[in-house]
Amino acid sequence: MSSTPSDGPARPEPPRRTLPKDVPLPGDRIKPRAAAKPQFTQTVLLLEAFVVFFCTLVAYGLRTVPNAWPLFDPPSGAVIWTVGLVLSVVLLVLSRVVTRPGGYVAGTVVQVPVIAGGLAVPFMFLAGGIFAVLWVAALRLGGRVDVERARYDAEHPETAPNVPPRAAGRRPAGSDPAS
């Protein structure tokens, strides 16, 4: 009796990767990158929702402090919670639907009540202003990153996602065979 396994013919070893991991091998599927503009703007709105919620807690705590509301009488706790939670939920919802039509406009419009929250908690003038600047930066820089990625993908189709690889020896459709 022999002690050799009878598994059949030996399988060939897969080719070893000699290139860096970020360079695709022939036949590798290239995953498309997520767009930067929605990622940036969603992050700003999500963080802004948390800040609004915590400022709602501060406003609720300040309602009983004398002279904490110099411009007007403090609203009731129910009004503070209603306004704060509604604004937080609106920001959360907008962070999920910002890519739909009108989403970026709605995100821009919602910056106004966030800044206006400074009437209740003066810190919100500063925080709302910072978030408004971050919102504009997310719109501009996110769009710029997406344009640069598209330009790079156009210049390097072999590494561009969602571009089918050309078969060896075949000309692209519409090319002139005489040239």
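Everything below is about the structure shown above.
Residues numbered from 1 in each chain as written. Predicted model: local features only at pLDDT ≥ 70, side-chain atom pairs only at ≥ 80, totals over all residues. Heavy atoms only, no water.

Engineer: Would you mind going over the packing of aromatic side chains in detail, with residue names and values included?
Structural biologist: Aromatic ring pairs are defined here through the distance separating the ring centres and the angle between the ring planes. In this structure the tally under the stated criterion is three aromatic pairs. Taking the centre distance of 5.5 Å and the plane angle of 65° together, the rings of phenylalanine 53 and phenylalanine 54 count as edge-to-face. Note on phenylalanine 53: relative accessible area 29%, which makes it partly exposed. Assessed through its relative accessible area of 48%, phenylalanine 54 is described here as partly exposed. A ring pair is formed by tyrosine 60 and tryptophan 81, whose centres lie 5.6 Å apart and whose planes are at 50°; its orientation type is tilted. Here the residue tyrosine 60 occupies a position in helix H1 (residues 36-62), and tryptophan 81 occupies one in helix H2 (residues 77-97), the gap between them amounting to 21 residues. By relative accessible area, which is 31% here, tyrosine 60 ends up partly exposed. On the basis of relative accessibility, which here comes to 24%, the residue tryptophan 81 falls in the partly exposed class. When the ring centre of tyrosine 104 is taken as origin, the NZ or CZ atom of lysine 37, which lies over that ring, is 4.6 Å away. Sitting over the ring of tyrosine 60, arginine 63 keeps its end group 3.8 Å from the ring centre. (Phe/Tyr/Trp six-rings, centres within 6.5 Å; stacked < 30°, edge-to-face > 60°. Buried < 20%, exposed > 50% of the residue type's maximum accessible area, 1.4 Å probe, protein only. Helix = DSSP H or I, 4+ residues; strand = E, 2+ residues; numbered from the N terminus. Lys NZ or Arg CZ within 6 Å of the ring centre and 35° of its normal.)

Engineer: An account of the environment of alanine 49 is requested, with residue identities and associated values reported.
Structural biologist: Considering the arrangement of structural elements, one finds alanine 49 in helix H1. On the basis of relative accessible area, alanine 49 is assigned to the buried category, the value being 5%. Considering only alpha carbons, one finds alanine 49 and valine 114, 65 residues apart in sequence, at a separation of 9.4 Å. If we skip the residues at most four places from it in the chain, alanine 49 touches Ser88, Leu91 and Leu92. (Contact = heavy atoms within 4.5 Å.)

Engineer: Run through a nonpolar patch on the surface, naming residues and quoting values.
Structural biologist: On the surface, Leu46, Phe50, Phe54, Leu57 and Leu92 cluster together into a nonpolar patch covering about 440 Å² of accessible area. Sorting elements by how many residues they give to the nonpolar patch places H1 first, with four residues. Along the chain, phenylalanine 50 turns up in helix H1. The class for phenylalanine 50 is partly exposed, based on a relative accessible area of 46%. (Patch = residues over 30% accessible without salt bridge, like charges linked within 9 Å, V, L, I, M, F, W, Y side chains within 5 Å. Areas by Shrake-Rupley, 256 points an atom, 1.4 Å probe, with all protein chains shown as cover. Salt bridge = Lys/Arg side-chain N within 4 Å of Asp/Glu carboxyl O.)

Engineer: Outline helix H5 (residues 123-155), listing residues and values.
Structural biologist: It helps to recall that an α-helix has 3.6 residues per turn; residues three or four apart then point in one direction. In this model H5 runs 47 Å from its N-terminal to its C-terminal C-alpha over 33 residues, within 8% of the 48 Å that 1.5 Å per residue would give. Among all positions in H5, only Met124, Ala127, Gly128, Phe131, Ala132, Trp135, Ala138, Gly142 and Asp153 are buried. Of the surrounding secondary structure, the elements contacted by the buried residues of H5 are H1, helix H3 (103-109) and helix H4 (111-116). (Expected span 1.5 Å × (residues − 1).)

Engineer: Lay out the environment of phenylalanine 53 with the relevant residues and their values.
Structural biologist: By the element assignment, phenylalanine 53 lies in helix H1. On a C-alpha basis, the gap between phenylalanine 53 and valine 89 in space is 9.2 Å, while along the polypeptide they are 36 residues apart. Apart from residues lying up to four places away in sequence, phenylalanine 53 is in contact with Trp81, Leu85 and Ser88.

Engineer: An account of the nonpolar core is needed here, citing residue identities and associated values.
Structural biologist: Soluble, globular proteins show a tendency: their nonpolar side chains are buried together. Residues Leu45, Val52, Leu87, Leu91, Val110, Val114 and Met124 are the most contacted members of the largest nonpolar core, which totals 21 residues. Elements with a contribution of two residues or more to this core: H1, H2 and H5. With sequence-adjacent residues up to four places away left out, valine 52 is seen in contact with Gly84, Leu87, Ser88, Leu91, Val114 and Met124. (Core = buried A, V, L, I, M, F, W, Y, C linked by side-chain atoms within 4.5 Å.)

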